[in-house]
Structures are given as C-alpha cells and as structure tokens.
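Here is what each chain is made of, one letter per residue.
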Protein chains: 2
Amino acid sequence: MKIALLGCGTVGSEVVRLMRMRTTELADRVGETVEIAGIAVRRAGKDRSHLGVADDLFTTDAIGLVKRPDIDVVVEVAGGIEPAKSWITTALAEGKSVVTANKALLAADGPALADAARAGNADLYYEAAAAAAIPLMRPLRDSFQGDTINQVLGIVNGTTNYICSRMSEAGISYGEALQEASDLGYAEADPTADVDGYDAAAKAALIASLAFHTHVDLSDVHREGIADLTPADIKAAADAGRVIKPLCIASRDDDGISVRVHPAMIPLGHPLANVNGAYNAVFIEAESAGRLMFYGAGAGGTETASAVLGDIVTVARNRRSGARAFPPEAAYGERTVKPIGKARTRYYVSLEVVDEPGVLARVAATFAHHGVSLATVHQTGRGEDAQLVVVTHYAPDEQLTATLDELKRLSLVHSVSSTMRVEGD
Amino acid sequence: MKIALLGCGTVGSEVVRLMRMRTTELADRVGETVEIAGIAVRRAGKDRSHLGVADDLFTTDAIGLVKRPDIDVVVEVAGGIEPAKSWITTALAEGKSVVTANKALLAADGPALADAARAGNADLYYEAAAAAAIPLMRPLRDSFQGDTINQVLGIVNGTTNYICSRMSEAGISYGEALQEASDLGYAEADPTADVDGYDAAAKAALIASLAFHTHVDLSDVHREGIADLTPADIKAAADAGRVIKPLCIASRDDDGISVRVHPAMIPLGHPLANVNGAYNAVFIEAESAGRLMFYGAGAGGTETASAVLGDIVTVARNRRSGARAFPPEAAYGERTVKPIGKARTRYYVSLEVVDEPGVLARVAATFAHHGVSLATVHQTGRGEDAQLVVVTHYAPDEQLTATLDELKRLSLVHSVSSTMRVEGD
Ligand SMILES: NC(=O)c1ccc[n+]([C@@H]2O[C@H](COP(=O)([O-])OP(=O)(O)OC[C@H]3O[C@@H](n4cnc5c(N)ncnc54)[C@H](OP(=O)(O)O)[C@@H]3O)[C@@H](O)[C@H]2O)c1
Ligand SMILES: NC(=O)c1ccc[n+]([C@@H]2O[C@H](COP(=O)([O-])OP(=O)(O)OC[C@H]3O[C@@H](n4cnc5c(N)ncnc54)[C@H](OP(=O)(O)O)[C@@H]3O)[C@@H](O)[C@H]2O)c1
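Residues numbered from 1 in each chain as written. Chains lettered and ligands numbered in written order. Predicted model: local features only at pLDDT ≥ 70, side-chain atom pairs only at ≥ 80, totals over all residues. Heavy atoms only, no water.

Caption draft 1: Up close: the interface of chain A and chain B. Chain A puts 50 residues into the contact, and the matching count from chain B is 50 residues. Carbon and sulfur atoms supply 51% of the area buried between chain A and chain B, which totals about 4100 Å² over both sides. Connecting chain A to chain B are 4 salt bridges. At the junction of chain A with chain B, the criterion picks out 22 residue pairs in polar contact (both at pLDDT 80 or more). Elements with a minimum of two residues in the side of chain A that touches chain B: helix 1 (10-21), helix 2 (23-30), helix 6 (137-143), strand 12 (290-297) and helix 12 (301-321) of chain A. For the side of chain A that touches chain B, the leading source of residues is helix 12 of chain A, giving 9 residues. Looking at the side of chain A that touches chain B, its residues break down into 24 nonpolar, 14 polar and 12 charged. As defined by bridge partners, strand 12 of chain A adjoins strand 12 (residues 290-297) of chain B across 3 bridges and the pair is classed as antiparallel. Each residue of the ladder has a partner; that of A:Phe294, found in strand 12 of chain B, is B:Phe294. (Contact = heavy atoms within 4.5 Å. Buried area = accessible area lost by both parts, 1.4 Å probe. Salt bridge = Lys/Arg side-chain N within 4 Å of Asp/Glu carboxyl O. Polar contact = N/O pair within 3.5 Å; in protein donor to acceptor, adjacent residues only side chain to side chain. Helix = DSSP H or I, 4+ residues; strand = E, 2+ residues; numbered from the N terminus. Nonpolar A, V, L, I, M, F, W, Y, C, P; charged D, E, K, R; others polar. Pairing = 2+ DSSP bridges.)

Structure (structure tokens):
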C-alpha cells in the first residue's frame, strides 16, 4: 500500500520516523507493507537528510503527488484551509482514503469533506485532530453510537491549561504565566490561536459534531479567551473550593445544543480539576454510560503521529477488506445550535457592596427579577471590605449577563470584582 | 436487522430497555431498523412483563434461536463458559456476527472464538467485557495499532477498589470494608470472583491480548487477591506517600510480557491514585502516545448495556457494508508470557529490626546478595520500635521473594511487618 504524505513538519517528520521504525509491525497489522511513496513539502531546498529518506521522495507538487496512480492513501499533516482542502477533496474524489490532523479545515468544512468521502467511497479519519494521541474521535464515532451524550467538558488546549495551572499554583499573573509557557516552548511565538480560544473552538466543533450527530460549524462555537483572567479570579475560585480551567463545553438539552469555549470554575473534586500543565482531558457524560474521562497528551509531534499511524492502519485495513467507515446519512441530523445568550450556564459573581442592612435582599431581588435563582450566597467582610459572593443555578446566559449589567448600576454595589461561569457540579 | 438476545438478566434487560427507548436513533445510525427478534432465558416461568416485551419472544431454546434463519446478529449476555461457547461458535459458523460481554469465556477461549469469527466471516465484538462502558477494547484494537504499548495498569474491579478505598479512607479492616461493600450491593453474596482476583484476571487476559497482539490465556495471568491486606499495610503505604490499589498489570520488555493481578502501592500523584469507590480506570503507557488514562463506571447493567449497544451498531454497520473487523492473522504473534518469578517488579518492605549498629548494612547486603538494588531505605524508631523501610528498584520477582525469605531468617530481623509490590513510579 502506497501512501502520500502531505507535510513533513512537527507531525509529518514523526510520521516518517515511526513508519520506518515500525515497518514490520505495520505490515503485520495491515496485512501488507505500507510504504511512504512521496512527501509533499513547501520548501524544496530544506535539508531533511536527518530523516533518512531518499531525496527523490520529496516534492513541492502536492496535488501531483495526490493524483499519482500508484498512491492508495493520502495523509495530510500540512495544516491550513487551502491548499489542504483541494488536496483532500481530490484524493477522496479519486477513491483514495484520507487521514488528516487538520482541525482547522475539519471545523470549517467538515460536512463538505464528509460528503466527498461518501461520494468517492473513501474513508476520512482524523483521530489526531482533537486531543492528539487521546483516543477521542473513535470512541465518539463508534463506542457511544448506542448511547446519548448529554455533555462533553474538555481541556483540549495544553498552552492555556498550562497558563491556568501556573496562575493557580504559583499565584502569578496571566502575563507571567504566558511568558513561562513561551520560555518552555508550550506557547508559540504568536500565541493568539491558543489564548484567544481559536484552537479549542475548532476542536469543540469536531467534538460536538460527533457527540451530537450533527454538523457544528466553527462559527457556531462561542469563544472567549483567557487573557482577561486575573489573580483575583484565581483566588476567588480557590476561596470557593474551585479551580479555573480553560474549557471546551458541548452540551445539549431539549431545545438544542450549545458549544462554547471559555474559562470556567470547576469544583476541586471534579476529575478535570487535577489535569494540569500541558495535559489534555475530556470528560463525557452519557445517559447510559454515565461519567467517563479520557486523559493524555494533547499535542506533540510523536503523540500526534501515533494517532495518525493508528488511522493509517484502520483505513489500510478497510481498503483491503473493501469496507468503508462512513455512517449512514440518516445518522446526521440538523440540530439547532443555540447562541450563547440562550445557552444555560451558571455564574459565580463576587460584588464589593455597601455594608448596610438590606443589601443582600436587594442583590437577590435583582437576580430574581431576571429569572435567575441562586444556589449559594455568602456575605463576607465588614465596612469597606463588605463582599457578596453569589453562585447561581443554571439560567439562559443572556439573563445572567442582564443581571450583571443591572447589578453594576446599583448604588449599593461598589463594583463587580469577579464573574466567571461555573461548570461540572 | 434481527437480533437474538441470549440472556436477559442485569445486562440483558437493560439492552432490551435501551433498544426500545432508542429505536429511532439506532435505525438512523445503522441505516435500517434493528429489532430484537428473540430472547433466550433459563427460567421459562419468570415474570418479565415489566420489560414490555411480547411473551412469545422469550424462549429457553437458545441454540434454536441462534440458528433461526431470520436472525442476523447474536448478542450474548448470559455468561459462563458453556453453553455460551456453543451458542457463539454456532452463530459465527453461520456467518452471524456476535456481540458479547462474556469476559470469562473470552479469557478462556479467545483464540478459538477469533478463529471461528474469521472462518465464518463474521464479527466478534466485546467492548463490554472489560471495564463495561469505558471504551477500552476499541482503542486497544484500533487506536494504538501504529504504536507500541509498553504497559497497562488498570483498576478493573469495582468491588475490590471499593474495599481498598474504604480501608484507606476510614482505616477499617478488610472484613469491615467487605461487609460494607456487601451491604451496599457492591459485593456479591459470594465475593470470591472479585476478592480473589478471578474477575480482574479474566479482564487482564483480554487487555494484554489486545495490547500486545498475542493470545494471553487466563492461566498465564498471575493472580493474588486482596483478602490478606491489613490496616498496617494501608498505613505503611500512607506513610510512604502511596496508596494501595487492586491492580491489573500488563507489561512488556525485551524478554517477554508479564500479566498479573495483585494489590500494589502506587504514588499518591499517580492518575490512578484518585480513582475511588466502584469506579474503574485504565492507565496506558505507549511508546509514542505517552501516558493515557481512561476512567468511568466499570460495571452496572445500564453502563454495560451502553457498550453492548455501541457494538451492535458497529457490527450492524459492518454487516450492511460487507466489512468485517478481524485483523490479518499476521497481526497476532506468539509472545512469551513470563511466569511471575521472572517478571520484573519492585517491592516495598518494612522490617522490625534489632536497634544496633550495622543492621542497615546487613539488610542492604542481603538485598545485594540476591541482585536487588535499593531505591530508598529509611530507618525509623529506636529500641523496641526500630524499623527499616526499604523500597527496591525493579528486579525479577523471584529474586525479591528469595531476599524476603532470607531476611526473615536473619537474627537481626524480628519480623517482616509489611511487604507489597510497588507500581507506577
Ligand atoms: N504539532 C502538534 O502538536 C499538532 C497536534 C495535533 C494536530 N496538529 C495538526 O497537524 C498539522 C501539521 O502540524 P505541524 O505542527 O506538523 O505543522 P508544521 O510543523 O508547520 O509543518 C507543516 C508542514 O507542511 C508543509 N506545508 C505547508 N504548506 C505547504 C504547501 N502549501 N505545500 C506543501 N507543503 C506544505 C511544510 O513544508 P516545509 O517543511 O517545507 O515548511 C511542513 O513540512 C496541522 O493541521 C496541525 O493543526 C498538530
Ligand atoms: N452485571 C455487570 O455489571 C456486568 C458488567 C460487565 C460484563 N458483564 C457480563 O455480562 C454477562 C451477563 O451478566 P449479568 O450480570 O447480566 O448476569 P445475570 O443477571 O445473571 O443474567 C444472566 C441471564 O442469562 C440467562 N441464562 C443463564 N444461563 C442460561 C442458559 N443456560 N440458557 C438460557 N439463558 C440463560 C439468565 O436467565 P434467567 O433470567 O432465566 O435466569 C439471565 O437472564 C456475563 O458474562 C457478565 O460477566 C456483566
């Protein structure tokens, strides 16, 4: 079986290394040899001799490589929307199965790619696209087919999890933690994709699409970054027996689904609370299977390549047996993705208040006026330091933000010192 | 698609309930309706009206049901070796794919069943057999095909994990914790299969077979139960910054694999250390994917039925598309399973010793004499209470047990107060 490898950077060079190292095992598991027959790169002149691959395997003509008649399977680890999309749709149209790690493309164009796979009678696998080596796409795609997933809570970005972990452990500021992450190589030179939640949003779209058997577009995902987190927020969480984590959240209820990426407070006892540093984890709540968690490395060339190789074995086996893995079209429904205002969320709110009788009642009445009921209220400090700490029950997010707007205008309230969504209770 | 359900107890009755509840979703996901066309039970007269199933679906003639020409897929949730084995081999021989949760049978006769599936061109799926609803068989079977798994550490029995958790949390004895487990329904009337490790050993055989691409027989699994655990062991672990967990361990090195079930001390910081009560978790260390963990409910009718339904959807889809999932025969190798004496393990040992100069040197020399090197030695207490606490490096288990035998005979050693294998560092 002959493979075209498109891209040979962090992930691609590890795909090359592992496939060379495990040639015999892969042949045993597929039933025939699996060989890289061509590698597309952008820079023709770059020295890649350390890979130990014959020079003439490299080409800058990716589409020519995809179309070569001897190529059976295409592995795309270049990234970006175009030209990756053209390569993949060309391969699928020619009946060549595709393995990709390209979360950005899948989140932007998943349905078109799925249709192309179906039309070409070819497979499209992308285990590495969300959470790298953690088997997540496959369980969502296969294991829970007989169940109903109600919620997925995930820490799917190592950079932001590292930053939040360090802010919590060391009491340092966002800027200091980001600097540390850069120094250690956890954050890229331009950290925007991570800290503003774009990377996590793409993964959230993939996860929600599989979990809810629908097509969730990147534009459906509500996205908030972590750049505004303050040490005061971190301390407020700790005081409330919680910890702040950068979450990807996909949930459903009777009137639709909600997919969002934002930092949130979770209880210290939650399985995700102890997932620190650059690790990723995904927590799933299914109607029958109950609460499950998957944990592991969410990035890294070798880890990602491991998932890519697993997919290569699957599509190669399917190819030999004539099987294809696409689900029946009826398996996909169009489900309403609710805007953030309609999503049911919970809030933690701390307020600096005037220390006089009736302030608690006035604040509580403001929540009630917007239809938000309260789970707990704590009054702490006296005089200048008087504070109210409120945790609400679930309510539509817009009712919570309207409440906050009104609270800020109350003369009894000096300031709203910290607000944060709460998850995982 | 017509299904024969063999067994309608804890798991089977939940399969019935969930399939009725999710009829539409299952049809969407498979591409045609999936219907239970017959249910085999042992007791004909039992009232099962609460299931809402037509009386004439029930039969005590399981093999007749399997052979019925209209049956496409067989789901075995009765348990035990025979007659389950005959039902399953008959189904496979007729080209009917089988879903089973029967760990005992798979551990005893896995290779014969795999051969029968191949010969009959039928699928054999068993996600529910180890760790119930936690997707574990599928990731092992598919996701890690391009990787090399070095070690699996699992908490795969909820009863023994509950007992160990309670002994640690509440400082109670093994007998008291077992009684609690019985009162709460976590332990069966006859708890032997759980506390003596038979249940975990069967799961260990399945896990090791998939992880190492070989056939590990139940008889290859070294098995020790938890009935000898004492509060002193629990306290010794806590003093050493560890916790005792009932583990299933499958590991490999250059000279073979080792599969075993026994309690062991793991560091408090290990991901498995916080898995408490009736929960299960499996920790995997793969060469490229790194360290991963899967966590969830390891038993329960509904949870197990969720996994069974996932398998039903998979085999039904495969059936429609003409695909079968069995791997090429070359994917399986015969690998040496080492007896426990040759397995490389580490020990924690605490000794009551005579308080005189040279005792530490004498004890250390005894370990050295057997080729066991030491990681840490702590000397605590004075006079009557003098104690040595030793943690070794990895060495063949027989060298460690020989060392212990010799230590017990030393006049400087009053007694060996606690010995326990150590894992997960
Ligand atoms: N890195 C991770 O940890 C990780 C984890 C999960 C998923 N992923 C995904 O995996 C993919 C690859 O990531 P990466 O980190 O390996 O990226 P990378 O290091 O930037 O490598 C990209 C590779 O693609 C080649 N390439 C880019 N544009 C090309 C073009 N127009 N024609 C031909 N070749 C082109 C580059 O060629 P040159 O070598 O000539 O520059 C390079 O070899 C992305 O989709 C990413 O989201 C990465
Ligand atoms: N329970 C769990 O949490 C769990 C978790 C994972 C895997 N499993 C596995 O799932 C399987 C079923 O477990 P379970 O807990 O559901 O067992 P169970 O409650 O004892 O039910 C067994 C069912 O099989 C029927 N049966 C037994 N022998 C039969 C025979 N010779 N002919 C026809 N029917 C027969 C019984 O009929 P009657 O109803 O007439 O007695 C009963 O309906 C076992 O292999 C077990 O290891 C169970």
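So much for the structure itself; the text now carries on.
Caption draft 2: Focus on the relation of the copies chain A and chain B. When chain A is fitted to chain B, the residual RMSD is 0.0 Å, and the transformation amounts to a turn of 180° plus an axial shift of 0.0 Å. Accordingly, the operation relating the two chain copies is best matched by a two-fold axis. A high fraction, 100%, of the interface residues of chain A reappear at the interface in chain B, so the copies pair face to face through one surface. (Least-squares fit on C-alpha atoms with pLDDT ≥ 70 in both.)

Caption draft 3: Looking closely at the environment of A:Ile155. Residues and elements named next belong to chain A. Within the fold, Ile155 resides in strand 7 (residues 149-155). Considered as a pair, Ile155 and Val261 are 106 residues apart in the sequence and their alpha carbons are 9.7 Å apart. Other than its neighbours up to four places away in sequence, Ile155 contacts Asn161, Lys245, Pro246, Leu247, Leu272, Val275, Tyr279, Asn280 and Ala281.

Caption draft 4: Region of the structure containing the pattern of salt bridges. Residue and element names in this part refer to chain A. Tallying each qualifying case throughout the model produces 48 salt bridges over all chains. Among the ionic pairs, Arg17 bridges to Glu14, the shortest N-O distance being 2.8 Å. In this pair, Arg17 and Glu14 are both assigned in helix 1, 3 residues apart and thus about one turn of the helix distant. Glu169 is the partner of Arg166 in a salt bridge, and the nearest nitrogen-oxygen pair spans 3.1 Å. In this pair, Arg166 and Glu169 both sit in helix 7 (residues 158-170), 3 residues apart, roughly one turn of the helix.

Caption draft 5: Main features of the domain arrangement of chain A. Residue and element names in this part refer to chain A. Examined at the domain level, chain A breaks down into domain 1 (2-132 + 301-330), domain 2 (143-297) and domain 3 (340-422). On a C-alpha basis, the centroid separation for the pair domain 1 and domain 2 is 28 Å. Opposite the 11 residues of domain 1 that make contact, domain 2 presents 13 residues. Buried area between domain 1 and domain 2, both sides added, is near 970 Å², and the carbon and sulfur share of it is 73%. Broken down residue by residue, the surface that domain 1 buries against domain 2 is led by Lys103, Ala107 and Ala131, which jointly contribute 48%. At the junction of domain 1 with domain 2, the criterion picks out 1 salt bridge. On inspection of domain 1 and its partner domain 2, the count reaches 2 residue pairs in polar contact (both at pLDDT 80 or more). Considering each element in turn, the side of domain 1 that touches domain 2 owes the most residues, 5 residues, to helix 5 (residues 103-120). (Domains from an automatic or database assignment.)

Caption draft 6: The arrangement of the UniProt feature "domain: ACT" (unreviewed entry) in chain A in detail. UniProt feature "domain: ACT" (unreviewed entry): in the numbering of this structure it lies at residues 348-421 of chain A. This span, residues 348-421 of chain A, is 32% helix and 41% strand, and a straight line between its end C-alpha atoms measures 6 Å. (UniProt positions renumbered as here; feature names shortened; annotations may be inferred.)

Caption draft 7: Layout of the sheet that holds strand 6 (residues 124-125) of chain B. All names here are of chain B. What the 6 strands build is an open sheet, ordered 3-2-1-4-5-6; its pairing is parallel. Of all the strands in the sheet, just strand 3 (58-59) and strand 6 have a single pairing partner and so form its edges. Pairing geometry for strand 1 (residues 2-6) and strand 2 (residues 35-40), over 5 bridges, is parallel. Within strand 2, the position partnered with Leu6 by the bridge is Ala40.

Caption draft 8: Focus on the site of ligand 1. Residues and elements named next belong to chain A. Near ligand 1 you find 22 residues, and of these Cys8, Val11, Arg43, Arg48 and Gly300 are the closest. Cys8 is positioned such that a nitrogen or oxygen atom in its backbone is 2.8 Å from an oxygen atom of ligand 1. Compared with its free state, where it exposes 900 Å², ligand 1 has 78% of that area covered by protein. Residues of the shell around ligand 1, tallied by class, amount to 11 nonpolar, 7 polar and 4 charged. (Near = heavy atom within 4 Å. Areas by Shrake-Rupley, 256 points an atom, 1.4 Å probe, with all protein chains shown as cover.)

Caption draft 9: Just the site of ligand 2, in detail. Residues and elements named next belong to chain B. Around ligand 2, a shell composed of 22 residues is seen, among which Cys8, Val11, Arg43, Arg48 and Gly300 lie nearest. Separating an oxygen atom of ligand 2 from a backbone N or O atom of Val11 is a distance of 2.8 Å. One nitrogen or oxygen atom from the main chain of Gly300 is found 2.9 Å from an oxygen atom belonging to ligand 2. About the coverage of ligand 2: the protein hides 78% of its 910 Å² of free accessible area.

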